[in-house]
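# Topology and contacts: notes
Listed below are the residues making up each chain.
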Amino acid sequence: MHKKKIASVTLLATAALLTACGQNKGASSSKQVMKTAVTGEISTLDSSKYGDTISSETLQNSMEGLYRFDKKGQARLAGAVKVTKSKDQKVYTFTLRKNAKWSNGDPVTAQDYVIAWRRTVDPKNDSLDSDSYQVIKNGTDIVAGKKKVSSLGIKALGKYKLQVTLENPIQYLPDLLTGAQFYPQDTKIVKKYGSSYGTSSSKLVYNGPFTVSQWTGSNLKWTLKKNKTYWNAKSVSLSAVKVQVIKTTSTGLNLYKGGQLDYAPVDSDYVKQYEKNADYHTKTTPTNGYMVFNLKRKTTGNVHVRRAISLGVNKQELVKTVLHSGKAAQGFVASDFIYDENGKDYRTSAGKLMTYNLKQSQKEWALAKKQLGKSKITIELLTSDMDASKRVGEYLQSNLMENLPGLTVKLRSIPLKSRLADTSKHNFDMVYGTWQPSFQDPIDYLTIGGLFNLESDYKNSTFWKEINQAKSTYATQPAKRQASLIAAEKQLIQKDAFAAPLYQAGVSYLLKSKVTGFRLSPYGTVAYYWDVKIK
């Protein structure tokens, strides 16, 4: 979501009316407009810098990488037409699609991938998704400033031939490469705009099913328009999707009932109100709701404070009384999502970590107060100012203050873009967010997973040893690899409480019956519009 990662639920979009020309065959183009909305702003359209769901959704509908998810949620070649692997499964050679073009008419070339990927791992760009490049040769060392950006395992072998070299063999590369952080960028346009690339819809070009227009960098409305230069434009039925930011659920539902929206998210108390409506849809996703702590601050740097808070949230009650969908977290890696070679759920094998335990929480809290020499402790909780986020923040504030004597939780709710920036700058005590995975493997949750500042702040040698073994030594030994990942999760979440898992998100929404082909991504709540048709 991956970083990728972060903010929560939501989509909602609108569209522009296009006139039908002439003959009255089938649905007229004027009908092929979807009206929807999202619950937060776009932070950036620079695929090297985004870190939120709304930006990801916009990019995934307007850009295309080597792979794209098909209608069954399987990763299929998209920007490439062929791929070969070396015998050791570390080197992939992609033959790019020669008929793929940018919206300005430029061809999409191998060099466009090289420049984009290098920008993402370049420490100067402070990418929120650079952790995704740990699997690419030298990616980790480049992000840490230990190697040159040019040493990244990606090379243009010709105009339409791209070579990707991995650190170790992985089975989930196609899924991973569907992510927006692996999209190409038009080399000419990146050079033209420099640091302002992607800061508005006019300061980049697009190679996906739609283009983006009318986004100035801070406004709350924009339009997705059918991209006429897209290689598979004939498969796209919608002429436009018009999107508006609506941060309160009630406003969105009122617009939906008034016919001004074709899609509207439903959350919190509204679920019960609409769950019997014919337009209502719901499902549990592998998206995490969680908190991360700032290890650099004295209070939240105390492990007993972190354990007390992680154990002290009544997660079942949060889901039942506030979210009304999804389920309480049993650990940081989602359940019913990742299975071993015998078909057993990873979560079942790893067990339940940091579920609600008031007695143990209060023991940890007593130890925390003793070590800090305080009977009263104040901690700030940072959230975005989206309605759903504020509701969760208010519950966490109330529940924790009730369960932990002497604790005062202060809420600070700010626009998502600012929340992401403050988190990266360590300007928080603890922060609440949501994160959707990019591929179906525990390592995505444990090394990316919305875990802000993990690489820089978390130095536990046991954790990193287990992670490195899972990446290298045991890369082709599934049972041993999973054992290392389970040990790593227990160290990170149970012993050190770097982050507090809260819930596995559900997504609920209303969708007009005239809309067909609408899909959410396999991993969360990103809306896909390229197969949508209005009846």
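These numbers come from a predicted model, not from an experiment.

## Some points on the overall build of the chain
Each helix and strand counted, the chain has 17 helices and 21 strands in total. Counting only C-alpha atoms, the chain reaches 75 × 55 × 45 Å along its principal axes. Considering the chain as a whole, with its 535 residues, one finds that 61% of them fall into the buried category. Counting every atom, the chain has about 20,900 Å² of accessible surface; 48% of that belongs to carbon and sulfur. Looking at the chain, you have 79 positive and 43 negative side-chain charges, and the mean spots of the two groups are 4 Å apart.

## A look at the sheet that holds strand β7 (residues 161–165)
Strand order in the open sheet formed by four strands is β4-β5-β7-β6, and the pairing between neighbours is antiparallel. Edge positions in the sheet fall to β4 (80–85) and β6 (154–158), since each of these pairs with one other strand and no more. When the angles between neighbouring strand axes are averaged without regard to direction, this sheet yields 25°. One ladder, built from five bridges, connects strand β5 (residues 91–96) with β7; its direction is antiparallel. Paired with Thr95 across the two strands is Lys161, which belongs to β7. In this fold helix α2 (residues 110–121) packs onto β5, β6 and β7, with an angle of close to 165° to the strand it touches most, β6.

## Examining helix α12 (residues 387–403)
Each full turn of the α-helix corresponds to 3.6 residues, which orients residues three or four apart in the same direction. Between its terminal C-alpha atoms α12 stretches 24 Å, which fits the 24 Å expected from 17 residues at 1.5 Å a residue. Residues of α12 that are buried: Asp387, Ser389, Val392, Gly393, Tyr395, Leu396, Asn399, Leu400 and Asn403.

## What about the confidence of the model for the chain?
Looking at the chain as a whole, its pLDDT mean stands at 92, while 94% of the residues score no less than 70. In this model residues 1–27 is a low-confidence stretch, pLDDT under 50, and it forms 129 contacts with partners more than four residues away in sequence or in other chains.

## Comments concerning the packing of aromatic side chains
Enumeration over the complete set of coordinates arrives at 18 aromatic pairs. With 5.2 Å between their ring centres and 70° between their planes, Trp435 and Tyr445 make a pair best called edge-to-face. On the criterion of sequence distance, the pair formed by Trp435 in strand β16 (residues 430–435) and Tyr445 in helix α14 (residues 442–447) is long-range, its members being 10 residues apart. Taken individually, Trp435 and Tyr445 each receive the classification buried, so the pair is uniform in this respect. Ring centres 5.5 Å apart and planes at 55° place the aromatic pair Tyr458 and Phe498 in the tilted group. Highlighted residues: Tyr458 in the loop between α15 (454–457) and α16 (461–471) and Phe498 in the loop between α17 (478–495) and β17 (499–511), separated in sequence by 40 residues. Residue Tyr458 is classed as buried on the basis of its relative accessible area, which comes to 4%. In this structure an aromatic cluster arises from ring pairing among Tyr263, Tyr509, Phe518 and Tyr529. Positioned over the ring face of Trp231 is Arg97, at 3.5 Å from the centre of the ring. A cation over an aromatic ring shows up here: Lys512 above the ring of Tyr256, its NZ or CZ 4.0 Å from the ring centre.

## Details of the layout of surface pockets
Within this model, the largest pocket holds a volume of roughly 720 Å³. Taken together, the elements giving at least two residues each to the lining of the largest pocket come down to α3 (139–143), α4 (173–176), α14, α16 and α17. Among the elements that line the lining of the largest pocket, the one with the most residues is α17, at five residues.

## Focus on the pairing of β6
Direction of pairing for β6 relative to β7: antiparallel, over a ladder of four bridges. Note on β7: the bridge partner recorded for Gly158 is Lys161. Between β6 and β7, which follow one another and run antiparallel, lie two residues.

## As for unusual backbone geometry
One non-glycine residue, Gln214, adopts positive backbone phi at about 70°. Secondary-structure assignment places Gln214 in the loop between β8 (210–213) and β9 (221–226). Judged by relative accessible area, which is 49%, Gln214 ranks as partly exposed. Positive phi values are uncommon outside glycine, yet His426 reaches one of about 65°.

## Observations concerning the packing of α16 against α17
Where α16 contacts α17, the two axes come as close as 8 Å, and the packing angle between them is 155°. For the element pair α16 / α17, the angle class is roughly antiparallel. α16 and α17 meet at a crossing whose hand is left-handed. Note on element contacts: α17 touches α16 through Arg481, Ser484, Leu485, Ala487, Ala488, Gln491 and Leu492, opposite Thr462, Phe463, Glu466, Ile467, Gln469 and Ala470. Along the lines of polarity and charge, the residues of the contact of α16 with α17 split into seven nonpolar, four polar and two charged.

## Some points on the sheet that holds strand β10 (residues 240–245)
Taken in spatial order, the four strands line up as β1-β10-β9-β8 in an open sheet, and their pairing is mixed. In this open sheet, the two edge strands, each paired with only one partner strand, are β1 (33–38) and β8. Within the sheet, the average angular offset between the axes of one strand and its neighbour, ignoring direction, is 20°. Note: β9 against β10, five bridges, orientation antiparallel. Considered in β10, the bridge of Leu224 is made with Val241.

Cut-offs applied
- Residues numbered from 1 in each chain as written.
- Predicted model: local features only at pLDDT ≥ 70, side-chain atom pairs only at ≥ 80, totals over all residues.
- Heavy atoms only, no water.
- Helix = DSSP H or I, 4+ residues; strand = E, 2+ residues; numbered from the N terminus.
- Buried < 20%, exposed > 50% of the residue type's maximum accessible area, 1.4 Å probe, protein only.
- Areas by Shrake-Rupley, 256 points an atom, 1.4 Å probe, with all protein chains shown as cover.
- Lys, Arg positive; Asp, Glu negative; His and termini not counted.
- Charge placed at Lys NZ, Arg CZ, Asp CG, Glu CD.
- Pairing = 2+ DSSP bridges.
- Axes fitted to C-alpha atoms, helices over the stretch in contact; angles between N-to-C directions.
- Contact = heavy atoms within 4.5 Å.
- Expected span 1.5 Å × (residues − 1).
- pLDDT = per-residue confidence, 0-100.
- Phe/Tyr/Trp six-rings, centres within 6.5 Å; stacked < 30°, edge-to-face > 60°.
- Lys NZ or Arg CZ within 6 Å of the ring centre and 35° of its normal.
- 1 Å grid on protein atoms, 1.4 Å probe; cavity = no way out; pocket = protein on both sides within 12 Å on 5 of 7 lines; lining within 4 Å.
- Points joined across faces, edges and corners; volume = space filled by probe spheres on them.
- Parallel < 35°, antiparallel > 145°, perpendicular 65-115°, else oblique.
- Left-handed = near helix turned anticlockwise from the far one by under 90°.
- Nonpolar A, V, L, I, M, F, W, Y, C, P; charged D, E, K, R; others polar.

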